[in-house]
Amino acid sequence: FFLSAKMFPCLLSAALLLTPSLSLDWGRARPLRTDPHRLSPVRVRVSPLRLQVADDPPDDGGGGEAEEGLPDAESEGIADFRAQLMRQMGGGGGGGGGSADAPLSDRERLMRSVETAALADAPAPGRMLLANPAKFCSRNPFARPVKDLGRFGLDGPVSPDEMPPDLTAQMLPVLLLLEHGEGGSSAVLLERRTGALMGDIDIDSFGCVAIAPLWLGGTQRQNALSALHSVEGLEGAAPLRDGLWLGGWEAARPRVADSSLAAARFKFFLGATTWAAGQLEAEVAAGAWIVVEGSPELVLKERLDGSGARRAKPVWAEVLSALGEPGRTAYEAVYGSGD
(Lines give C-alpha, C1' and ligand atoms only; values in the text may rest on other atoms or scores of the structure.)
Protein backbone atom coordinates (compact mmCIF):
# COMPACT_ATOMS: atom_id res chain seq x y z
CA PHE A 1 0.00 0.00 0.00
CA PHE A 2 1.60 3.25 -1.17
CA LEU A 3 0.82 6.87 -0.24
CA SER A 4 1.63 9.89 -2.28
CA ALA A 5 4.12 12.27 -0.66
CA LYS A 6 1.49 15.01 -0.99
CA MET A 7 -0.84 13.11 1.38
CA PHE A 8 1.52 13.13 4.41
CA PRO A 9 0.82 16.74 5.46
CA CYS A 10 -2.94 16.08 5.26
CA LEU A 11 -2.66 12.92 7.36
CA LEU A 12 -0.52 14.66 9.97
CA SER A 13 -3.01 17.54 10.25
CA ALA A 14 -5.89 15.12 10.63
CA ALA A 15 -4.04 13.21 13.36
CA LEU A 16 -3.42 16.38 15.33
CA LEU A 17 -7.07 17.41 15.03
CA LEU A 18 -8.20 14.02 16.29
CA THR A 19 -5.82 14.13 19.28
CA PRO A 20 -6.07 17.68 20.67
CA SER A 21 -4.25 16.71 23.88
CA LEU A 22 -1.12 15.75 21.94
CA SER A 23 1.65 18.30 22.16
CA LEU A 24 4.65 18.12 19.86
CA ASP A 25 7.81 20.02 20.63
CA TRP A 26 10.31 19.18 17.93
CA GLY A 27 13.90 18.75 19.05
CA ARG A 28 13.36 20.06 22.61
CA ALA A 29 12.37 18.14 25.74
CA ARG A 30 10.11 19.91 28.26
CA PRO A 31 10.95 19.79 31.99
CA LEU A 32 8.38 18.02 34.10
CA ARG A 33 6.05 20.17 36.19
CA THR A 34 6.60 19.78 39.91
CA ASP A 35 4.43 20.24 42.95
CA PRO A 36 5.31 20.50 46.65
CA HIS A 37 5.16 16.71 47.03
CA ARG A 38 7.76 15.96 44.36
CA LEU A 39 11.50 16.21 44.19
CA SER A 40 13.39 18.34 41.67
CA PRO A 41 12.24 17.73 38.07
CA VAL A 42 13.74 14.61 36.53
CA ARG A 43 12.78 12.92 33.30
CA VAL A 44 12.02 9.28 33.98
CA ARG A 45 11.36 6.48 31.49
CA VAL A 46 8.87 4.06 33.00
CA SER A 47 8.66 0.62 31.46
CA PRO A 48 5.32 -1.21 31.62
CA LEU A 49 5.66 -3.45 34.68
CA ARG A 50 3.28 -6.07 35.95
CA LEU A 51 3.32 -6.33 39.73
CA GLN A 52 2.39 -9.79 40.96
CA VAL A 53 1.34 -10.98 44.39
CA ALA A 54 3.75 -13.58 45.69
CA ASP A 55 1.02 -16.20 46.01
CA ASP A 56 -0.28 -15.71 42.46
CA PRO A 57 0.57 -18.45 39.97
CA PRO A 58 3.01 -17.47 37.23
CA ASP A 59 1.75 -16.54 33.80
CA ASP A 60 1.46 -19.19 31.13
CA GLY A 61 4.80 -19.96 29.65
CA GLY A 62 6.71 -20.46 32.89
CA GLY A 63 7.56 -18.33 35.87
CA GLY A 64 11.28 -18.13 35.24
CA GLU A 65 11.08 -15.67 32.37
CA ALA A 66 12.04 -12.03 32.69
CA GLU A 67 9.45 -9.24 32.96
CA GLU A 68 7.53 -8.93 29.72
CA GLY A 69 9.24 -6.59 27.31
CA LEU A 70 12.40 -6.23 29.43
CA PRO A 71 15.83 -7.76 28.90
CA ASP A 72 17.02 -10.18 31.58
CA ALA A 73 19.58 -7.74 32.99
CA GLU A 74 17.05 -4.91 33.27
CA SER A 75 14.49 -7.22 34.88
CA GLU A 76 17.06 -8.33 37.47
CA GLY A 77 17.95 -4.69 38.14
CA ILE A 78 14.31 -3.83 38.80
CA ALA A 79 13.97 -6.79 41.15
CA ASP A 80 17.08 -5.67 43.04
CA PHE A 81 15.70 -2.15 43.28
CA ARG A 82 12.37 -3.41 44.62
CA ALA A 83 14.13 -5.50 47.26
CA GLN A 84 16.32 -2.56 48.27
CA LEU A 85 13.27 -0.29 48.54
CA MET A 86 11.45 -2.79 50.73
CA ARG A 87 14.50 -3.10 52.98
CA GLN A 88 14.81 0.69 53.12
CA MET A 89 11.21 1.18 54.21
CA GLY A 90 11.13 -1.88 56.44
CA GLY A 91 14.58 -1.52 57.91
CA GLY A 92 16.96 -4.34 58.60
CA GLY A 93 15.11 -6.91 56.51
CA GLY A 94 17.11 -9.08 54.25
CA GLY A 95 14.47 -9.77 51.66
CA GLY A 96 13.35 -13.12 50.50
CA GLY A 97 13.37 -15.43 53.52
CA GLY A 98 9.83 -15.31 54.75
CA SER A 99 10.38 -18.05 57.32
CA ALA A 100 7.96 -18.25 60.24
CA ASP A 101 10.67 -17.56 62.82
CA ALA A 102 12.33 -14.69 60.92
CA PRO A 103 12.93 -11.62 63.15
CA LEU A 104 10.55 -8.72 62.75
CA SER A 105 11.83 -5.64 60.97
CA ASP A 106 11.98 -2.30 62.79
CA ARG A 107 8.90 -1.13 60.89
CA GLU A 108 6.93 -4.28 61.78
CA ARG A 109 7.82 -3.90 65.44
CA LEU A 110 6.77 -0.25 65.27
CA MET A 111 3.45 -1.10 63.62
CA ARG A 112 2.70 -3.93 66.06
CA SER A 113 3.51 -1.96 69.19
CA VAL A 114 0.65 -0.84 71.40
CA GLU A 115 -0.39 2.80 71.05
CA THR A 116 -1.24 4.02 74.54
CA ALA A 117 -2.02 7.35 76.21
CA ALA A 118 -2.67 8.56 79.75
CA LEU A 119 -3.48 11.91 81.31
CA ALA A 120 -0.43 13.72 82.73
CA ASP A 121 -0.51 16.10 85.66
CA ALA A 122 1.78 18.80 84.18
CA PRO A 123 3.75 19.69 81.04
CA ALA A 124 7.16 18.04 80.61
CA PRO A 125 9.51 17.21 77.72
CA GLY A 126 8.19 14.27 75.71
CA ARG A 127 4.56 14.88 76.71
CA MET A 128 1.82 15.92 74.31
CA LEU A 129 -0.46 18.94 74.35
CA LEU A 130 -3.92 18.51 72.82
CA ALA A 131 -6.09 21.55 72.15
CA ASN A 132 -9.27 21.62 74.24
CA PRO A 133 -12.14 22.33 71.80
CA ALA A 134 -14.06 24.11 74.55
CA LYS A 135 -11.35 26.80 74.42
CA PHE A 136 -10.09 26.68 70.84
CA CYS A 137 -13.57 26.63 69.27
CA SER A 138 -15.03 29.48 71.32
CA ARG A 139 -15.91 32.65 69.43
CA ASN A 140 -15.73 34.63 72.65
CA PRO A 141 -12.21 36.15 72.74
CA PHE A 142 -12.42 36.50 76.53
CA ALA A 143 -12.99 32.72 76.85
CA ARG A 144 -9.85 31.86 74.86
CA PRO A 145 -6.75 31.70 77.03
CA VAL A 146 -4.61 31.20 73.90
CA LYS A 147 -4.59 34.56 72.13
CA ASP A 148 -2.12 34.10 69.27
CA LEU A 149 -3.70 31.27 67.27
CA GLY A 150 -1.50 32.06 64.27
CA ARG A 151 1.37 30.25 66.03
CA PHE A 152 -0.53 27.01 65.39
CA GLY A 153 -1.39 27.72 61.76
CA LEU A 154 -4.88 29.01 62.58
CA ASP A 155 -6.49 32.23 61.31
CA GLY A 156 -9.01 32.20 64.15
CA PRO A 157 -11.02 29.87 66.38
CA VAL A 158 -11.82 26.45 64.94
CA SER A 159 -15.47 26.24 63.82
CA PRO A 160 -16.73 22.64 64.11
CA ASP A 161 -20.17 23.62 62.81
CA GLU A 162 -18.67 24.64 59.47
CA MET A 163 -16.50 21.61 58.65
CA PRO A 164 -16.48 17.80 58.93
CA PRO A 165 -15.32 16.29 62.24
CA ASP A 166 -12.06 14.91 60.82
CA LEU A 167 -11.13 18.31 59.43
CA THR A 168 -11.97 19.96 62.74
CA ALA A 169 -9.77 17.44 64.55
CA GLN A 170 -6.98 18.05 62.08
CA MET A 171 -7.18 21.80 62.70
CA LEU A 172 -6.99 21.47 66.49
CA PRO A 173 -3.31 21.71 67.48
CA VAL A 174 -1.41 18.74 68.88
CA LEU A 175 2.15 19.36 70.02
CA LEU A 176 5.02 17.37 71.47
CA LEU A 177 7.00 19.25 74.11
CA LEU A 178 10.75 19.40 73.53
CA GLU A 179 11.68 21.79 76.34
CA HIS A 180 9.90 23.00 79.46
CA GLY A 181 11.32 24.90 82.40
CA GLU A 182 11.58 28.21 84.16
CA GLY A 183 12.83 29.95 81.04
CA GLY A 184 9.88 28.89 78.89
CA SER A 185 8.80 26.02 76.68
CA SER A 186 9.15 24.79 73.11
CA ALA A 187 7.32 22.11 71.15
CA VAL A 188 6.69 20.85 67.63
CA LEU A 189 3.29 20.58 65.96
CA LEU A 190 2.41 17.00 64.99
CA GLU A 191 -0.27 17.72 62.36
CA ARG A 192 1.11 20.47 60.11
CA ARG A 193 2.92 19.71 56.85
CA THR A 194 5.26 22.08 55.04
CA GLY A 195 4.43 20.55 51.64
CA ALA A 196 8.11 19.65 51.16
CA LEU A 197 9.96 16.35 51.36
CA MET A 198 13.31 15.74 53.00
CA GLY A 199 14.91 15.29 49.60
CA ASP A 200 13.96 18.88 48.82
CA ILE A 201 16.05 20.08 51.77
CA ASP A 202 19.40 18.46 51.00
CA ILE A 203 19.63 15.33 48.91
CA ASP A 204 23.18 14.62 50.14
CA SER A 205 22.22 14.69 53.82
CA PHE A 206 18.71 13.24 53.52
CA GLY A 207 18.77 11.15 50.34
CA CYS A 208 18.07 7.94 52.27
CA VAL A 209 14.82 9.54 53.57
CA ALA A 210 14.16 11.61 50.47
CA ILE A 211 10.44 10.80 50.32
CA ALA A 212 9.81 11.39 54.02
CA PRO A 213 7.59 14.45 54.63
CA LEU A 214 9.03 17.53 56.30
CA TRP A 215 6.65 18.56 59.08
CA LEU A 216 6.14 22.12 60.30
CA GLY A 217 7.10 22.29 63.96
CA GLY A 218 5.97 25.89 64.34
CA THR A 219 6.45 29.45 63.18
CA GLN A 220 9.37 30.21 65.50
CA ARG A 221 12.98 29.02 65.11
CA GLN A 222 12.53 28.65 61.37
CA ASN A 223 16.20 27.78 60.88
CA ALA A 224 15.97 24.80 63.23
CA LEU A 225 15.54 21.28 61.80
CA SER A 226 14.68 18.65 64.42
CA ALA A 227 14.93 14.87 64.04
CA LEU A 228 12.59 12.98 66.37
CA HIS A 229 13.05 9.23 66.66
CA SER A 230 12.80 6.06 68.76
CA VAL A 231 16.40 4.83 68.36
CA GLU A 232 18.35 4.36 71.56
CA GLY A 233 22.09 4.95 71.77
CA LEU A 234 22.62 7.31 68.83
CA GLU A 235 25.58 9.62 69.25
CA GLY A 236 24.44 13.21 69.60
CA ALA A 237 20.83 12.32 70.48
CA ALA A 238 19.18 13.77 73.60
CA PRO A 239 16.45 11.83 75.45
CA LEU A 240 13.00 13.39 75.68
CA ARG A 241 11.40 10.54 77.62
CA ASP A 242 11.48 6.75 77.60
CA GLY A 243 11.51 5.65 73.97
CA LEU A 244 11.85 9.10 72.38
CA TRP A 245 15.02 10.96 71.43
CA LEU A 246 15.86 14.18 69.62
CA GLY A 247 18.82 14.63 67.27
CA GLY A 248 21.64 12.29 66.31
CA TRP A 249 20.81 12.16 62.59
CA GLU A 250 24.48 12.26 61.53
CA ALA A 251 25.08 9.02 63.40
CA ALA A 252 21.85 7.45 62.12
CA ARG A 253 22.21 8.39 58.45
CA PRO A 254 24.65 5.66 57.33
CA ARG A 255 22.57 3.00 59.10
CA VAL A 256 19.39 4.20 57.41
CA ALA A 257 21.22 4.35 54.08
CA ASP A 258 22.33 0.70 54.33
CA SER A 259 18.85 -0.36 55.53
CA SER A 260 20.02 -1.62 58.91
CA LEU A 261 17.82 1.03 60.55
CA ALA A 262 14.26 1.83 59.47
CA ALA A 263 13.49 5.27 58.09
CA ALA A 264 10.02 4.87 59.63
CA ARG A 265 11.52 5.47 63.08
CA PHE A 266 12.30 9.11 62.25
CA LYS A 267 10.23 12.25 61.82
CA PHE A 268 11.63 15.62 60.79
CA PHE A 269 10.33 19.03 61.82
CA LEU A 270 11.15 22.53 60.63
CA GLY A 271 10.81 25.27 63.22
CA ALA A 272 9.17 25.13 66.63
CA THR A 273 6.39 26.63 68.73
CA THR A 274 7.53 28.50 71.82
CA TRP A 275 6.09 29.93 75.04
CA ALA A 276 7.58 32.57 77.31
CA ALA A 277 8.31 31.82 80.95
CA GLY A 278 5.08 30.87 82.74
CA GLN A 279 2.93 31.24 79.59
CA LEU A 280 2.25 27.54 79.02
CA GLU A 281 1.49 26.93 82.70
CA ALA A 282 -1.11 29.70 82.57
CA GLU A 283 -2.74 28.24 79.43
CA VAL A 284 -2.87 24.76 80.97
CA ALA A 285 -4.36 26.15 84.20
CA ALA A 286 -7.03 27.92 82.12
CA GLY A 287 -8.03 24.63 80.46
CA ALA A 288 -6.64 25.34 76.99
CA TRP A 289 -4.58 22.15 76.81
CA ILE A 290 -5.05 18.50 77.65
CA VAL A 291 -1.65 17.19 78.77
CA VAL A 292 -1.07 13.58 77.72
CA GLU A 293 1.69 11.00 78.15
CA GLY A 294 1.60 9.23 74.79
CA SER A 295 3.59 6.18 73.77
CA PRO A 296 6.39 6.69 71.22
CA GLU A 297 4.41 4.60 68.72
CA LEU A 298 1.51 7.04 68.96
CA VAL A 299 3.82 10.01 68.41
CA LEU A 300 5.79 8.55 65.49
CA LYS A 301 2.97 6.74 63.70
CA GLU A 302 2.92 7.37 59.94
CA ARG A 303 -0.53 8.68 59.06
CA LEU A 304 0.04 9.38 55.35
CA ASP A 305 0.52 6.97 52.48
CA GLY A 306 3.16 7.29 49.79
CA SER A 307 1.12 9.83 47.81
CA GLY A 308 0.57 12.07 50.83
CA ALA A 309 -3.06 11.00 51.31
CA ARG A 310 -4.32 10.41 54.84
CA ARG A 311 -4.68 6.77 55.88
CA ALA A 312 -5.55 7.24 59.57
CA LYS A 313 -7.57 9.48 61.86
CA PRO A 314 -6.05 12.87 62.76
CA VAL A 315 -3.52 12.83 65.60
CA TRP A 316 -5.94 14.70 67.89
CA ALA A 317 -8.65 12.05 67.45
CA GLU A 318 -6.28 9.08 67.75
CA VAL A 319 -4.70 10.31 70.97
CA LEU A 320 -8.08 10.97 72.60
CA SER A 321 -9.31 7.54 71.48
CA ALA A 322 -6.24 5.95 73.06
CA LEU A 323 -6.86 8.02 76.18
CA GLY A 324 -10.29 6.44 76.63
CA GLU A 325 -12.78 7.75 79.19
CA PRO A 326 -10.72 10.81 80.29
CA GLY A 327 -10.80 12.07 76.69
CA ARG A 328 -14.45 11.33 75.98
CA THR A 329 -15.81 14.84 76.63
CA ALA A 330 -13.34 16.52 74.29
CA TYR A 331 -13.75 13.82 71.64
CA GLU A 332 -17.54 14.04 71.64
CA ALA A 333 -17.38 17.83 71.35
CA VAL A 334 -16.07 17.27 67.81
CA TYR A 335 -17.37 13.85 66.73
CA GLY A 336 -20.59 13.66 68.73
CA SER A 337 -21.67 10.90 71.07
CA GLY A 338 -22.64 8.46 68.32
CA ASP A 339 -19.18 8.06 66.76
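Structure: above.
These remarks concern the structure in this document. (Residues numbered from 1 in each chain as written. Predicted model: local features only at pLDDT ≥ 70, side-chain atom pairs only at ≥ 80, totals over all residues. Heavy atoms only, no water.)

Digging into the pairing of strand β8 (residues 238–241)
Sheet analysis places β8 next to strand β9 (residues 244–246), joined by 3 bridges and oriented antiparallel. Across the sheet, the residue bridging to Pro-239 is Trp-245, located in β9. Linking β8 back to β9 in an antiparallel pair, the connection comprises 2 residues, with Gly-243 at a positive phi of about 90°. (Pairing = 2+ DSSP bridges. Helix = DSSP H or I, 4+ residues; strand = E, 2+ residues; numbered from the N terminus.)

Description of helix α12 (residues 328–335)
Every buried residue of α12 is listed here: Ala-330, Tyr-331, Val-334 and Tyr-335. Along the axis of α12, the buried positions cluster into a sector of 115°, meaning they face one direction only. Packed against the buried residues of α12 are α4 (133–136), α5 (165–171), β11 (289–294) and α11 (315–323). Just downstream of α12 lies Gly-336, where phi reads positive at about 80°. (Buried < 20%, exposed > 50% of the residue type's maximum accessible area, 1.4 Å probe, protein only. Arc of directions from axis to C-beta. Contact = heavy atoms within 4.5 Å.)

Observations regarding the nonpolar core
One finds Met-128, Phe-136, Leu-176, Trp-289 and Trp-316 to be the most contacted residues of the largest nonpolar core, which totals 49 residues. Only β2 (128–131), β3 (174–181), β4 (184–189), β10 (266–275), β11, α10 (296–300), α11 and α12 provide two or more residues apiece to this core. The greatest single-element share of this core, amounting to 6 residues, is contributed by α11. If near-sequence neighbours (up to four positions away) are discounted, Phe-136 is found in contact with Ala-131, Val-146, Leu-149, Phe-152, Leu-154, Pro-157, Val-158, Leu-172, Pro-173, Ala-288 and Trp-289. Membership of the second largest hydrophobic core comes to 17 residues, among which are Val-209, Leu-214, Trp-249 and Ala-252. (Core = buried A, V, L, I, M, F, W, Y, C linked by side-chain atoms within 4.5 Å.)

Concerning the pattern of salt bridges
Per the stated rule, a full pass over the model turns up 12 salt bridges. Through salt bridges with shared partners, a single ionic network connects Asp-121, Arg-127, Arg-241 and Glu-293. (Salt bridge = Lys/Arg side-chain N within 4 Å of Asp/Glu carboxyl O.)

A look at α11
Of all the 9 residues making up α11, 7 are buried; the element is thus mostly covered by neighbouring parts of the structure. Inspection of α11 places Val-315, Trp-316, Ala-317, Glu-318, Val-319, Leu-320 and Leu-323 among the buried residues, and these make up the whole buried set.

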